[in-house]
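So you can see what is in the structure, the chains are spelled out below.
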Amino acid sequence: MQCNNSKNPKTENRDNTFTTMKETVNVNISSVAFTLDEDAYRVLGSYFDDIRRRLPEGDTETMSDIEARVAEIFRERVASPMRVITLDIVRATMAQMGNPSYFGEPRDAEQSGPARKQDETECAGQPPLRKLYRTRSERSIAGICGGLAAYFDSDPTLIRLMMILLTLFGGLSIWVYIILWVVIPEEPASKFNINKKNR
């Protein structure tokens, strides 16, 4: 959103009283020019900033789509391009677009959240609780080796090689792998979060 400020002077009425006009701001939202009053510009700017803080860093495409939708709503609500967009129009548009919390948690809160939980468990003197799961992402057959690697903070390929060597030369039976497959639960499905990039 780009802007140019335009200051409006005080005007004198016929009865010699002064009224102060609101300042207007010329903005460019998604390559469409609009004129907003100063209050509307401030509220819309903080709305966009709040959404931007909740999106993944560098995600300009989503922010461009949001700005394009806001520009489209402004064009629907304002009959003439010369009409000023007021605070009421901005608030109605924000209500139609939805709360910024719909776009996830702010990036700074996510970064401090896990660190805060880790500090709380360390302060209590208890090690963090770890569970053994069959992994969904590092899986070749059933996710046993990937789950063991995640549990022991190791490389899944190393665990797979050890499992093959133990099966071939160490007397470890394929039945042990099948029993682990049945006994170890599968990792819970992760909830989709717009802020996480799954690559």
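This is a predicted model, so every value here is computed, not measured.

Novice: Run through the overall build of the protein chain, naming residues and quoting values.
Specialist: When its secondary structure is counted, the protein chain shows seven helices and five strands. Out of the 199 residues belonging to the protein chain, those deemed buried represent 28%. By sequence separation, contacts in the protein chain at least 24 residues apart represent 53% of the contacts at least 6 residues apart. When the accessible surface of the protein chain is summed, it comes to about 14100 Å², and 54% of that surface belongs to carbon and sulfur atoms.

Novice: Outline the pattern of salt bridges, listing residues and values.
Specialist: Under the counting rule described, the total for this entry stands at seven salt bridges. Measuring nitrogen to oxygen at the nearest pair gives 2.7 Å for the salt bridge that ties R69 to E72. Of the two residues, R69 and E72 both sit in helix α2 (residues 60-77), three residues apart, roughly one turn of that helix. One salt bridge connects E76 with R69, and the closest N-O pair in it is separated by 4.0 Å. A residue is classified by how much of its surface remains accessible, and E76, at 54% relative accessible area, is exposed. In this structure R69 comes out as partly exposed when scored by relative accessible area, which is 28%. Here the residues in one salt-bridge network are D49, R52 and E67, joined through shared partners.

Novice: Give me unusual backbone geometry: which residues, what numbers.
Specialist: Within the chain, S30 stands out as a residue other than glycine whose phi angle is a positive 55°. Of note, S30 is situated in the loop between β4 (24-29) and β5 (32-37). Look at S31: it is not a glycine, yet its phi comes out positive at around 65°. When its relative accessible area of 70% is taken as the criterion, S31 is described as exposed.

Novice: Give a description of the layout of surface pockets that names residues and reports values.
Specialist: Estimates place the volume of the largest pocket at around 210 Å³. Together, 15 residues line the largest pocket, and I141, C145, M163, I164 and Y177 are the ones closest to its centre. Among the elements that make up the lining of the largest pocket, the one with the highest residue count is helix α6 (residues 156-169) (four residues). Here the residues of the lining of the largest pocket are counted per class, giving eight nonpolar, four polar and three charged. Taken together, R130, K131, Y133, T135, G147, A150, Y151 and E187 make up the lining of the second largest pocket.

Novice: Outline the side chain of R54, listing residues and values.
Specialist: Along the chain, R54 turns up in helix α1 (residues 38-54). Within the structure, R54 has its side chain in polar contact with the side chain of D50 (distance 3.2 Å).

Novice: Tell me about α6, residues and numbers included.
Specialist: Here α6 contains 14 residues, and its C-alpha end-to-end distance of 20 Å stays within 8% of the 20 Å for a straight helix at 1.5 Å per residue. Contact partners of the buried residues in α6: α5 (144-151) and α7 (174-183). Trailing α6 by a residue or two, G171 shows a phi angle of about 90°, which is positive.

Novice: Which residues make up the nonpolar core, and what values do they have?
Specialist: In terms of nonpolar packing, the biggest core is built from 25 residues, with F34, L36, L44, F74, I85 and V90 touching the most fellow members. At the level of elements, β4, β5, α1, α2 and α3 (87-97) are the ones that each hand at least two residues to this core. Beyond its immediate stretch of four places on either side in the chain, V90 contacts L36, A40, V43, L44, F74 and I85. Core analysis: the second largest hydrophobic core is formed by nine residues, L148, I159, M163 and Y177 among them.

Novice: Tell me what's going on with the confidence of the model for the protein chain, and back it up with residues and numbers.
Specialist: Looking at the protein chain, the pLDDT average stands at 75 and 73% of residues meet or exceed 70. Confidence scores differ between elements of the protein chain, with strand β2 (residues 10-12) showing the lowest mean pLDDT of 50 and α3 the highest of 89. Ignoring residues within four places in sequence, the model shows residues 120-124, a span with pLDDT below 50, making one contact including any to other chains.

Here is what the cut-offs are and how they apply
- Residues numbered from 1 in each chain as written.
- Predicted model: local features only at pLDDT ≥ 70, side-chain atom pairs only at ≥ 80, totals over all residues.
- Heavy atoms only, no water.
- Helix = DSSP H or I, 4+ residues; strand = E, 2+ residues; numbered from the N terminus.
- Buried < 20%, exposed > 50% of the residue type's maximum accessible area, 1.4 Å probe, protein only.
- Contact = heavy atoms within 4.5 Å.
- Areas by Shrake-Rupley, 256 points an atom, 1.4 Å probe, with all protein chains shown as cover.
- Salt bridge = Lys/Arg side-chain N within 4 Å of Asp/Glu carboxyl O.
- 1 Å grid on protein atoms, 1.4 Å probe; cavity = no way out; pocket = protein on both sides within 12 Å on 5 of 7 lines; lining within 4 Å.
- Points joined across faces, edges and corners; volume = space filled by probe spheres on them.
- Nonpolar A, V, L, I, M, F, W, Y, C, P; charged D, E, K, R; others polar.
- Polar contact = N/O pair within 3.5 Å; in protein donor to acceptor, adjacent residues only side chain to side chain.
- Expected span 1.5 Å × (residues − 1).
- Core = buried A, V, L, I, M, F, W, Y, C linked by side-chain atoms within 4.5 Å.
- pLDDT = per-residue confidence, 0-100.

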